[in-house]
Amino acid sequence: MTALKPRIGIIGTGAIGGFYGVMLARAGYDVHFLLRSEYDVVRQNGLQVNSALHGALHLDAVQAYRSAADMPKCDWLLVGAKSTSNPELAPLIVEAAGEDAKVVVLQNGLGIEEGLRQVLPSNIHLMGGLCFICAHRSALGVVEHQALGGVNLGYHSGPAETQEQQQALVEAGVVMFRAAGVDSSAAINLAQARWQKLVWNMPYNGLSVLLDAGTAPLMSNPDSRALVRSIMLEACGAAAACGYPVPDVLVDRMMKSTDHMPNYLPSMYHDHVHGRPLELDAIYAAPLAAAAAAGFAMPKTEALYQTLCFISARADR
C-alpha cells in the first residue's frame, strides 16, 4: 500500500499515542512510533487496540524505535507522553522533527504548550490537541478503548504568523485525523478549550484516586456527584476570571455525558495504581495559580489538590 503523506511520529506510545497512531497507520499514513518499555513486546507482537467502537484493531508491521535519533524526520509529531515527562521530551522532539514540523501536544492541563515552547526551536509549529477519549493501556502494546475518541486542535505558536496560516495548519491536522476515522475539529481559542477540558479533568481525575472509584460510582452517589459538580463550577468560575468564559450549560452537559459513559477510570487513577507520577502540576497547580492571580478562589479544588499531593508524596517514599 502506498503511504500517504505526511509522515507522522508518535512520541509516547501509551493509550493515547497507541490509539491515534494505530488509527492513522490503518488509514495508510506513514507512522513511526517511539517506544521505551514496550519496544521489545511491540516489535514482536505489534500494537493491539481493543475498541468498543471500532472492534479489535491490530497493527502488525509497527515502525518502532528505541531512540528518536533513529526515526526518520517527521512532518507531524504527536506527543502522547504524560506532561510529567515534558522536560525530557524536547530533545526527542527536536531529533525527530522534520523541516516545518508540526508538534501536537496530546496532554491534559494548563501551561503545557508554554512550557514546551521555551525549550523548542522557534521554527517548530506547536499545537495543542485536546483528546476526548476513554482509553487506557492494559498491557505493553495493548490499548483498551472504551468510548469517544475525538480530538480538537488549536495553534499555539511557531513560524506561522498570520491567523490564516495558523488556521490552515490546524485544518490540515483536522483533515488528517478525520481521514483516519477520528472525529476532529478546530478549537477557536486553544486557551479557552484547555480550561473547558479542565472542567471535566479536575473532578474526575483526582476523585478517582482519592475515592478509588470510576465515573459510574462517582455519579451514582449523591454526595460524590455533588462534589463533582461543585469542582466543575469552580473550574468554570476560574476560567471566566482568567478571561476564558465557558458556556453556562457546560457543567450540566458534561455530567449528562458522563452519566451515559461506561464506567471509566481516568488516566490519573492508572498512574497512581502503577506507581507513576501524577499530573498534578498541569491539571491542578497551574490552574489554581492562574485562578489565584485573577483573584478567584477554588477551595474545593485546592483541597483536592493538597490531598493528592499528600498521596503522591507518600507513594514516593
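Preceding this paragraph is the structure being described.
Residues numbered from 1 in each chain as written. Predicted model: local features only at pLDDT ≥ 70, side-chain atom pairs only at ≥ 80, totals over all residues. Heavy atoms only, no water.

Participant: Even after reading the chapter, I still don't get the pattern of salt bridges, so can you show me in this structure?
Facilitator: Two side chains bearing opposite charge may form a pair once their charged atoms approach each other closely. Overall, the coordinates contain ten salt bridges when judged by the stated rule. Here Arg 276 makes a salt bridge to Asp 271, at a shortest N to O gap of 2.9 Å. In this structure Arg 276 comes out as partly exposed when scored by relative accessible area, which is 33%. Note on Asp 271: relative accessible area 2%, which makes it buried. One network of salt bridges, with partners in common, ties together Lys 82, Asp 271 and Arg 276. (Salt bridge = Lys/Arg side-chain N within 4 Å of Asp/Glu carboxyl O. Buried < 20%, exposed > 50% of the residue type's maximum accessible area, 1.4 Å probe, protein only.)

Participant: Explain the pairing of strand S9 (residues 142-157) here, please?
Facilitator: Regular strands place side chains that alternate from one sheet face to the opposite one. Bridge count between strand S3 (residues 47-51) and S9: four bridges; the pairing is parallel. The partner of Gln 48 across the bridge, within S9, is Val 142. Relative to S9, strand S8 (residues 125-139) is paired through 13 bridges, and the arrangement is antiparallel. In the sheet register, Ala 135 faces S9, and the bridge partner there is His 145. Linking S8 back to S9 in an antiparallel pair, the connection comprises two residues, with Gly 141 at a positive phi of about 80 degrees. Pairing between S9 and strand S10 (residues 184-186): three bridges, direction parallel. Along S10, the bridge assignment pairs Val 151 with Ser 184. (Pairing = 2+ DSSP bridges. Helix = DSSP H or I, 4+ residues; strand = E, 2+ residues; numbered from the N terminus.)

Participant: Whenever I open this one, helix H11 (residues 280-293) confuses me. Can you help?
Facilitator: The α-helix winds at 3.6 residues per turn, so residues separated by three or four positions along the chain end up facing the same way. Helix length check: H11 (14 residues) gives 18 Å between terminal C-alpha atoms against 20 Å at 1.5 Å per residue, within 8%. Within the span of H11, buried status applies to Leu 280, Ala 282, Ile 283, Tyr 284, Pro 287, Leu 288 and Ala 291. Contacts from the buried residues of H11 go to helix H4 (112-117), helix H6 (190-211), helix H8 (222-241), helix H10 (267-273) and helix H12 (299-315). (Expected span 1.5 Å × (residues − 1). Contact = heavy atoms within 4.5 Å.)

Participant: It is not clear to me how the layout of surface pockets should be interpreted in this structure. Could you clarify?
Facilitator: Roughly 390 Å³ of internal volume is contained in the second largest pocket. For the second largest pocket, the lining is made up of 24 residues, of which Thr 84, Pro 277, Leu 278, Glu 279 and Leu 280 are closest to its centre. Only helix H3 (86-96), H4, H10, H11 and H12 provide two or more residues apiece to the lining of the second largest pocket. It is H12 that contributes the most residues to the lining of the second largest pocket, four residues altogether. Of the residues contributing to the lining of the second largest pocket, the split by class is eleven nonpolar, eight polar and five charged. (1 Å grid on protein atoms, 1.4 Å probe; cavity = no way out; pocket = protein on both sides within 12 Å on 5 of 7 lines; lining within 4 Å. Points joined across faces, edges and corners; volume = space filled by probe spheres on them. Nonpolar A, V, L, I, M, F, W, Y, C, P; charged D, E, K, R; others polar.)

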